[in-house]
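In case you want the letters, here they are:
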Amino acid sequence: MTAPIASPAAATVFTMVLTRGPISRVEIARRAGLSSAAVTKAARPLIEAGYLEELGATEHTGPGAGRPASPLDVRAEREFFVGVKITGDALIGVLTGLRARVLETAHRPLPRAGVERGVNEVEPVTGGEPVAGGTEPVAGGAEAVAGPADVESVVAALAGLVAELRGRSPEYGERCVQLGLSLAGDVDKASGLVRYSPFLGWRQVPLAALASDATGLDVTIENDVRALTTAEQWFGEGVGLSHFALVTVGVGIGCGLVVGDRVVAGARGVAGEIGHIPMGGDEPPCHCGGRGCVEAIAGTAAILAAAREALGRPELTTGEAVERATGETVGLTTGETVELTTGETVELTTVEAVERATGEAVELTIGEVVERAHGGDERVREVLARAAHAVGLAMAAMANLFGPARIVVTGDADGLASYEPLRELLGRTFAARAFGAAADCEIVLRPRAFEQWARGAAAVAIRTRFTLRDR
Ligand SMILES: [Zn+2]
């Protein structure tokens, strides 16, 4: 299928109907600064190709206009898109229609090289590099380390996942030409190159080309936080806003920025790293090599470490517990199966599973921290308050720089839950430190299911297919 967009006017008209439809031609012309004739001319081939449809004449265009207008809308199932979020240990896939509504989901675990190669032979995943985005779900905490993921096997698993999703209905197979991939790290959308992926251990991997060869689809890759921001810009909280920000909290703290209707990628692929805004002190050290970064105070691992200390519970980490129970040094990844010194084999899927298998009390979970805060445990509330304060300051710094109309704070449910008891404090810190009218910015807290990251990848694919400037 060739791209249905042949001119800038067609891209403008289609985008407007996609994000704001149903909408009348007159309204499109007014908002886009096009003549009514230009809108009609641009819309005609899109209607003929089945991407747009005319709804029944229901509204009058204005006083004295006489003729009722037939609003245009998108036929959302004219074409389908696959979006996949690639994490360090799994592929999360969705299939959507044109409006990025999720129709199908599928997951695949990724095999990792860490276990066979031994943990000492590979670099730690968090070694001195800036990490864009980063909300990796790792059972038992961020200490899990594995070797670089084998590119070929990831691409093969990806092809399998895409085939599975497209195979669920004949129309998915026939009318899907574009695949979007998103992952944390330094991702160059224009060249299709993953410059650096901390969780996969990849450098300079031409992922778009490899995935295209394996699936036969056009492939767009994007940083995961920017992909999520694109989904909000086109289909969520950002519709109609020229300036807004998305802040993600969890293991990492990231930010997507939309400035003047564009998702900012920075001159070198790094932008919106509010997790590494320095808070002024020399403590605590951050994995980026800096000190006193927001993420080192308010990331999930930092909250858990501080809560352990505040509660006087210096338990083992999950890694230490497993090492003690297995009698060897292992790289631990989600879902890994290990053999204990008792000869028993267990699958370590969650912190609870590790505790059951090893008989050791291991570290706190973020769920327990939140529960304690809700129960009024002041020690834990103080830890969370420090985290919320740091995020509030970082958001104020960001708002002072570019003045967004709205900031959407999101993340995995667990990470965001830790801010929920402190929503008010977050808002108060922000309001106190944002300058002038920048403080009028609306703050919205939105938990997101993990599939939403994959939906973000699909949204990038949709945007790429229907805008000319993104090619
Ligand atoms: Zn840092």
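Note: the structure precedes this text.
Just so it is clear, the structure is predicted and the values come from calculations on it, not from any experiment.

Enquirer: Could you clarify how one ought to interpret the coordination of the zinc ion in this entry?
Expert: All of the protein donors around the zinc ion are His276 (ND1), Cys286 (SG), Cys288 (SG) and Cys293 (SG); their distances to the metal are 2.0 to 2.4 Å. Considering all four donor atoms around the zinc ion, angles at the metal cover 105 to 122° and the coordination shape is tetrahedral. Spacing between the donor residues of the zinc ion along the chain follows H-x9-C-x1-C-x4-C.

Enquirer: What's the story with the packing of helix α2 (residues 25-32) against helix α3 (residues 36-48) in this structure? I'm lost.
Expert: Remark: α2 packs on α3, axes separated minimally by 9 Å, with the N-to-C direction vectors making an angle of 120°. The angle between the axes of α2 and α3 places the two elements in the oblique class. Of the two elements, α2 crosses α3, and the hand of that crossing is right-handed. Here α2 contributes Arg25, Ile28 and Ala29 to the contact with α3, which in turn contributes Ser36, Val39, Thr40 and Ile47.

Enquirer: What am I meant to see in the nonpolar core here?
Expert: The nonpolar side chains of a soluble globular protein tend to be buried with one another. In terms of nonpolar packing, the biggest core is built from 41 residues, with Met395, Met398, Ile407 and Tyr419 touching the most fellow members. For this core, the secondary-structure elements that each account for two or more residues are β13 (244-249), β14 (254-259), α9 (294-298), α10 (300-311), α13 (366-374), α14 (378-402), β18 (406-411) and α16 (423-433). No other element matches the 13 residues that α14 contributes to this core. One finds Val82, Val84, Leu207 and Val219 within the second-largest nonpolar core, a separate group that totals 32 residues.

Enquirer: Sorry, what's going on with the packing of α10 against α13 here?
Expert: Across the interface, α10 lies against α13 with an axial gap of 10 Å and an inter-helix angle of 55°. As judged from the angle between their axes, α10 and α13 are oblique. Read as a crossing pair, α10 and α13 show a hand that is left-handed. Counted together, Thr300, Ile303, Leu304, Ala307 and Leu311 of α10 and Ile366, Val369 and Arg372 of α13 form the full contact between these two elements. Here the contact of α10 with α13 is built from residues that sort into six nonpolar, one polar and one charged.

Enquirer: Honestly, the pattern of salt bridges in this entry has me stumped. Any pointers?
Expert: Any two side chains of opposite charge can pair if their charged atoms end up close together. A full pass over the atoms with the stated rule returns 21 salt bridges. Put simply, Arg168 and Glu164 hold a salt bridge, and the shortest N to O gap is 2.7 Å. Arg168 sits in the partly exposed class, given a relative accessible area of 36%. Accessibility expressed as a relative area gives 30% for Glu164, which makes it partly exposed. The structure contains a network of salt bridges with shared partners spanning Glu104, Arg108, Glu164 and Arg168.

Enquirer: Sorry if this is basic, but what is going on with helix α5 (residues 151-166) here?
Expert: Given 3.6 residues per turn, any residue in an α-helix points the same way as the ones three and four places further on. Taking 1.5 Å of rise per residue, 16 residues should cover 22 Å, and α5 covers 22 Å from first to last C-alpha, within 8% of that figure. Of all the residues in α5, the buried ones are Val154, Val155, Ala157, Leu158, Ala159, Leu161, Val162, Leu165 and Arg166.

Enquirer: Can you help me understand unusual backbone geometry in this one?
Expert: Among all residues save glycine, negative phi is the norm, and among peptide bonds the norm is trans. A cis amide bond links Gly21 with the next residue in sequence, Pro22, at an omega value of 0°. Counting through the fold element by element, Pro22 comes out in the loop between α1 (8-20) and α2. Of note, the bond from Glu283 into Pro284 is cis; its omega dihedral lies within 30 degrees of zero at -15°. Checked against the element boundaries, Pro284 lands in the loop between β15 (262-263) and α9. A positive phi angle, near 65°, is found at Ala100, a position not held by glycine. With respect to the helices and strands, the residue Ala100 is situated in the loop between β6 (90-96) and β7 (102-109). You can call Ala100 buried: its relative accessible area is 0%.

Each value, and the rule that gives it
- Residues numbered from 1 in each chain as written.
- Predicted model: local features only at pLDDT ≥ 70, side-chain atom pairs only at ≥ 80, totals over all residues.
- Heavy atoms only, no water.
- Donors = N, O, S within 2.8 Å, 3.2 Å for Na, K, Ca; no water.
- Tetrahedral: all angles 85-135°; square planar, octahedral: opposite > 155°, others 65-115°.
- Axes fitted to C-alpha atoms, helices over the stretch in contact; angles between N-to-C directions.
- Helix = DSSP H or I, 4+ residues; strand = E, 2+ residues; numbered from the N terminus.
- Parallel < 35°, antiparallel > 145°, perpendicular 65-115°, else oblique.
- Left-handed = near helix turned anticlockwise from the far one by under 90°.
- Contact = heavy atoms within 4.5 Å.
- Core = buried A, V, L, I, M, F, W, Y, C linked by side-chain atoms within 4.5 Å.
- Buried < 20%, exposed > 50% of the residue type's maximum accessible area, 1.4 Å probe, protein only.
- Nonpolar A, V, L, I, M, F, W, Y, C, P; charged D, E, K, R; others polar.
- Salt bridge = Lys/Arg side-chain N within 4 Å of Asp/Glu carboxyl O.
- Expected span 1.5 Å × (residues − 1).

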